[in-house]
Amino acid sequence: MKHYVVRRLLQLIPILLIITFLSFGMMRLAGSDAVLQRMENTGMVVSQEVIDAARAELGLDKPFLTQYCAWLGNLLRGDMGTSYISGQEVFSTFISKLPATLLLTVVSILLTIVVSIPLGVLAAVKQNRLTDYVIRVASFLGNSMPNFFVALLLMYFFAIRLDWFPVISREVSLQNVILPALTLAIAMSAKYLRQVRATVLDELSKDYVAGAKARGVKFSVTLAKSVLRACLVTVITLLTLSIGSLLGGTAIVESIFMWDGVGKMAVDAINMRDYPMIQAYVMWMAIIYVCVNLITDLSYRVLDPRIRLGGAKS
Amino acid sequence: MTGTVSVRRQKIPKNNIRRRLLFFLLLAGLLMLAVTFAEQICPYDPNAQIFSTLEPPSAAHPAGTDRFGRDMLSRILVGLQTSVLSTLTLVAIITVVGTIIGVLCGHLGGMVDAFMMRVCDVCLAFPGLVFAMAIAALLHGGLQNAVIALAVISWPKYARIARSQTLALESTDYVAAARLAGDTSAQIIFRHILPNSAGPILVTAMLDIGTMMMELAGLSFLGLGAMPPTAELGNMMSGGRSMLQTYPWVIIGPGIAIFVAVVIFNLLGDTVRDYLDPRNSRRQSSANGKKEQEK
């Protein structure tokens, strides 16, 4: 286990280097640097010499790799430049908006788990009965709706028609997080439900369930003690697989509900072509994504004895 | 990303699936007809601003009119055309590119394989949609660039499937026999590998159409895809956002159109998967072989 953790942590280093390199390269590819942008913003016409001097001052005339190393050095000190639009420091802006997005993500994941596991288990236990069909049809329909449409529908019915929630979240609070989190949770639950149902069906057909039954163990006990554990591994796998679309989804949902997180910040930055902001967003999202993947891979070993003991790898 | 989710499907009688397949093919065919002839069947010119603005749905305008006085139904039809055709182009691109790269990697092995698989790893190391947003922003938006952005993040999945199929097939006896008989690489790829790996790749592509359509519309919704005045379902909904409270049909019409199209493609995809699933086949002996390949 210890060896495995160390190996995975070492593997992280080249990936992080590639992520930072690509994020840096993207910015260069955009064909815009801080000097040009500053000139455009002030609206002054300046000679090429002045531009060159300003570039030399910022080190922008040096070779690409040298610039990358300098940028990486700044990055390690938490300096990611300043926004083209607001002039504020990119890193501190990003950090100040991160908690809102984390809250949204965590609440939506919790909602997903609360919805998908019980319904998935219920559908499996009631296989091919009416309950099962209703749950499956609902999951299919939920899976076929784009999240921005779900967001707008929820907003229309629960915020405008019923007036239960504010239309636009003015502050980060639990009441405001419900609708955006629900939007994200609906799409995810729809996907998870199917898999949880399939896992439970698979698990129920195994010998140990029959064995437990033969020994007189109550069905509910088998379900709670053994089958749910298998579900947990499934759900964690799915969480890893969907964390990418979840992070992308927060951008759309946050900008619809005016939720003041990094996703909305990114969408605003994209519309304003605020490259340092976009760069920070992409880079940190990729880093978060990679770390989450690592954590889930490690948690498999804790949760699933088969993987931990190095047995059959499915 | 080491774990895989095991999905166990019930065995369904083949005749049943065939009937379902025909039905959904017919539905998808109708959708494609509507999409292809959108300009001919739409009741009014989708870009003519000739009606009173923001009229609620009525007999003359079943989906109402938008804020510029354009007929919503006509715009939805044309928007559906834009969405569906660009989605199908996208899926076709990633399927073809992914398959070519995957088959070549699997067949050639060595340095090419190692290099391309690392490239795949890097592409998969980024969270998909975020990466697509960044690429689309870098390319300054536009429908074509949104398609490119989504293609960049999606091809590795196909390359991986095609590669593992190729590797499995390369080790079969009949490919070895073909090689002994003096077949060239091209002959082996075109005669044996491509036809035998087409199934799983096709199923993946069919199941991806719905998702891709939603993601493409999502990029347009964020202003990173089709630009107004081009009618596209995502940007139509984005444009109507501020009118949700008073004129909900401006949003709900296009939303339902995406939803219906995605439902049809997803139903068709699911059915194609069931149809090609050897576990649903009566011929068990040949089924076992295919089952191994799928893993």
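Note that the coordinates shown come from a computational prediction; the quantities given were computed from them, not determined experimentally.

Caption draft 1: The arrangement of the overall build of chain B in detail. Scanning chain B for helices and strands turns up 11 helices and zero strands. Reported as C-alpha extents along the three principal axes, the dimensions of chain B are approximately 75 × 45 × 35 Å. For chain B, with 295 residues in total, the buried portion stands at 44%. Long-range contacts, defined here as pairs at least 24 residues apart, represent 68% of the contacts in chain B between residues at least 6 apart.

Caption draft 2: Representation of the overall build of chain A in the model. When its secondary structure is counted, chain A shows 13 helices and zero strands. What you see in chain A, going N to C, is helices and strands ordered as α-α-α-α-α-α-α-α-α-α-α-α-α. By residue count, 34% of the 314 residues in chain A fall in the buried class. Look at the contacts in chain A between residues 6 or more apart in sequence, and 72% of them connect residues 24 or more apart.

Caption draft 3: Local environment of the confidence of the model for chain B. Residues and elements named next belong to chain B. Summarising the model, chain B shows a mean pLDDT of 83, and 91% of its residues fall at 70 or more. When pLDDT is averaged over each helix and strand of chain B, the minimum, 41, is found for helix α11 (residues 284-294) and the maximum, 92, for helix α3 (residues 72-108). This model gives residues 282-295 a pLDDT under 50, and the stretch forms 10 contacts once residues within four places in sequence are excluded. Two summary scores accompany this predicted model of the complex, namely pTM at 0.83 and ipTM at 0.81.

Caption draft 4: Examining the interface of chain B and chain A more closely. With 38 residues of chain B in contact, the opposing surface of chain A contributes 46 residues. Of all the secondary-structure elements, those providing two or more residues to the side of chain B that touches chain A are α4 (110-125), α5 (128-138), α8 (185-221) and α10 (249-276) of chain B. The residue inventory of the side of chain B that touches chain A, partitioned by class, reads 26 nonpolar, 11 polar and one charged.

Caption draft 5: Region of the structure containing the nonpolar core. Counting 142 residues, the largest nonpolar core has I278 and Y281 of chain A together with A132, M133, L150 and M213 of chain B as its most contacted members. Looking at which element gives the most residues to this core, the answer is α8 of chain B, with 15 residues. If sequence neighbours within four positions are ignored, I278 of chain A has contacts with A266, A269 and I270 of chain A together with A134 and A137 of chain B.

Caption draft 6: Structural context of the environment of D66 of chain B. Residues and elements named next belong to chain B. When you line up the elements, D66 lands in the loop between α2 (38-41) and α3. Along the backbone, D66 and A92 are 26 residues apart, and their C-alpha atoms lie at a distance of 33 Å. Filtering out sequence-adjacent residues up to four positions away, D66 remains in contact with L54, M72, R75 and V250.

Caption draft 7: A look at helix α8 (residues 174-204) of chain A. Residues and elements named next belong to chain A. An ideal rise of 1.5 Å per residue puts 45 Å on 31 residues; α8 reaches only 38 Å between its terminal C-alpha atoms. In the structure, α8 departs most strongly from a straight axis at P180, where the bend amounts to approximately 30°. Taken across its 31 residues, α8 has 24 buried, putting it largely inside the fold.

Caption draft 8: Looking closely at the environment of L184 of chain A. In this structure, L184 of chain A sits in helix α8. With residues near it in sequence (within four places) discarded, L184 of chain A still touches S108, N147, L246, G249, T250 and V253 of chain A.

Caption draft 9: Structural view of unusual backbone geometry. All names here are of chain A. Notably, N128 is not glycine yet its phi reads approximately 65°, a positive angle. Relative to the helices and strands, N128 is located in the loop between α5 (90-125) and α6 (130-143). Classification of N128 by C-beta neighbours within 10 Å gives exposed; the count is 9. Its identity is not glycine, yet M258 carries a phi of approximately 55°, on the positive side. Relative to the helices and strands, M258 resides in the loop between α10 (219-257) and α11 (262-272). Judged by the 14 C-beta atoms lying within 10 Å of it, M258 falls in the partly exposed class.

Caption draft 10: Expanded view of the packing of α3 of chain B against α8 of chain B. All names here are of chain B. Closest axis-to-axis distance for the α3/α8 pair is 8 Å, and the angle between their directions is 145°. Note on packing geometry: the crossing formed by α3 with α8 is right-handed. Within the contact between the two elements, α3 uses S83, S86, T87, L90, V91, T95, T99, V103 and H107 and α8 uses S185, I189, I193, L194, I201, A205, D208, I209, M212, M213, L216 and A217. Here the contact of α3 with α8 is built from residues that sort into 13 nonpolar, seven polar and one charged.

Caption draft 11: Region of the structure containing α10 of chain A. Residue and element names in this part refer to chain A. When the terminal C-alpha atoms of α10 are compared, their 44 Å separation across 39 residues is substantially less than the 57 Å that a helix rising 1.5 Å per residue should span. Its maximal kink placed at S242, α10 deviates by approximately 45°. M258 occupies a position one or two residues after α10 and carries a positive phi of about 55°.

Caption draft 12: Highlighting the packing of helix α1 (residues 2-29) of chain A against helix α12 (residues 275-303) of chain A. Residues and elements named next belong to chain A. Axis separation between α1 and α12 bottoms out at 10 Å; the angle between their running directions is 165°. It follows from the interaxial angle that α1 and α12 lie roughly antiparallel. Crossing geometry of α1 relative to α12 is assigned as right-handed. From α1, V5, R8, L12, I15, L16, I19, T20, S23, M26 and M27 reach across to α12, where they touch Y275, Q279, V282, M283, A286, I287, V290, L294, D297 and L298.

Caption draft 13: Spatial organisation of the environment of F64 of chain A. Residue and element names in this part refer to chain A. Looking at the secondary structure, you find F64 in helix α4 (residues 64-76). Looking at F64, the number of C-beta atoms within 10 Å reads 10, which means it is exposed. The sequence separation of F64 and R28 amounts to 36 residues, and the corresponding C-alpha distance is 9.0 Å.

Definitions and cut-offs
Residues numbered from 1 in each chain as written. Chains lettered and ligands numbered in written order. Predicted model: local features only at pLDDT ≥ 70, side-chain atom pairs only at ≥ 80, totals over all residues. Helix = DSSP H or I, 4+ residues; strand = E, 2+ residues; numbered from the N terminus. Buried ≥ 20, exposed ≤ 12 C-beta atoms within 10 Å, placed from the backbone. Contact = placed C-beta atoms within 7 Å. pLDDT = per-residue confidence, 0-100. Nonpolar A, V, L, I, M, F, W, Y, C, P; charged D, E, K, R; others polar. Core = buried A, V, L, I, M, F, W, Y, C linked by C-beta atoms within 7 Å. Expected span 1.5 Å × (residues − 1). Bend = angle between axes of the 7 residues up to and from the residue. Axes fitted to C-alpha atoms, helices over the stretch in contact; angles between N-to-C directions. Left-handed = near helix turned anticlockwise from the far one by under 90°. Parallel < 35°, antiparallel > 145°, perpendicular 65-115°, else oblique.

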